[in-house]
Amino acid sequence: MNGPARRGLSVSALLLLATLAASPASAYSGENYMVCRLNPRGDNFLSLRSCGATNCQEIMRLGPDTPLRTLEPFGTRGWREVQVLPSLDAPEMGGYQTGWVFEKFICNAQY
């Protein structure tokens, strides 16, 4: 394409970009999860770690059904950054312990 058609696409693209840039970004408010799929005949806990890897320091051990809130919409290499909650209906703001857990052992919490 060249001439007016090419210029038309450029203007349209610029208008779209300007609209997206002017739109307020919505912050991720987290989703509630619970610790699940643990082996009751094994360790029966999920390690909360300081980063998303098994060689990172263990902060605490989470038992079955421990409520969590995710801090990012997607995991990274199988790990998810979370807050450990006192209950599923805990307020969004609070001094909750944060860390990383292996995604395989968390499930969406159903109220």
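Structural notes, computed from the coordinates. If you're wondering where the values come from, they're calculated on a predicted model, not measured in any experiment.

For the rest of this paragraph, the subject is the pattern of salt bridges. It is possible for side chains of opposite charge to pair when their charged atoms get near one another. Taken as a whole, this structure holds three salt bridges when the rule is applied. Among the salt bridges present, the one from R80 reaches E31, with a minimum N-O distance of 3.8 Å. Of the two residues, R80 is situated in strand 5 (residues 79-84) and E31 in the loop between helix 1 (4-22) and strand 1 (32-35); the sequence distance between them amounts to 49 residues. Owing to a relative accessible area of 5%, R80 belongs among the buried residues under this scheme. One continuous salt-bridge network, built from bridges that share partners, spans E31, R80 and E103.

Our focus in this paragraph is the pairing of strand 5. Across the six residues of strand 5, five count as buried, placing the element largely inside the fold. Across three bridges, the pairing between strand 4 (residues 67-70) and strand 5 is antiparallel. In the sheet register, L68 faces strand 5, and the bridge partner there is V84. Summarising the sheet, strand 5 and strand 6 (residues 98-102) pair through five bridges and their orientation is antiparallel.

What follows concerns the packing of aromatic side chains. Any pair of aromatic rings gets described here by the distance separating the centres and the angle formed by the planes. Applying the stated rule across the entire model yields two aromatic pairs. When the centroid spacing of 5.3 Å and the interplanar angle of 70° are considered together, the rings of W79 and F102 count as edge-to-face. In this pair, W79 sits in strand 5 while F102 sits in strand 6, placing the two residues 23 residues apart along the sequence. Residue W79 is classed as buried on the basis of its relative accessible area of 8%. Their ring planes at 45° and their centres at 6.5 Å tell us that F102 and F105 sit as a pair that is tilted. By way of ring pairs, the aromatic residues W79, F102 and F105 are connected into one cluster.

For the coordinates displayed, the defined rule picks out two disulfides. Each sulfur of the disulfide joining C36 and C107 lies 1.9 Å from the other. Disulfide C36-C107: torsion about the S-S bond near 85°, hence right-handed. Of the two residues, C36 sits in the loop between strand 1 and strand 2 (46-49) while C107 sits in strand 7 (residues 106-108), which places them 71 residues apart along the sequence. Among the residues examined, C36 registers a relative accessible area of 14% and is labelled buried. On the basis of relative accessibility, which here comes to 22%, the residue C107 falls in the partly exposed class.

Rules behind the numbers
Residues numbered from 1 in each chain as written. Predicted model: local features only at pLDDT ≥ 70, side-chain atom pairs only at ≥ 80, totals over all residues. Heavy atoms only, no water. Salt bridge = Lys/Arg side-chain N within 4 Å of Asp/Glu carboxyl O. Helix = DSSP H or I, 4+ residues; strand = E, 2+ residues; numbered from the N terminus. Buried < 20%, exposed > 50% of the residue type's maximum accessible area, 1.4 Å probe, protein only. Pairing = 2+ DSSP bridges. Phe/Tyr/Trp six-rings, centres within 6.5 Å; stacked < 30°, edge-to-face > 60°. Disulfide = S-S within 2.5 Å.

Any functional reading would require information that these geometric values do not contain.
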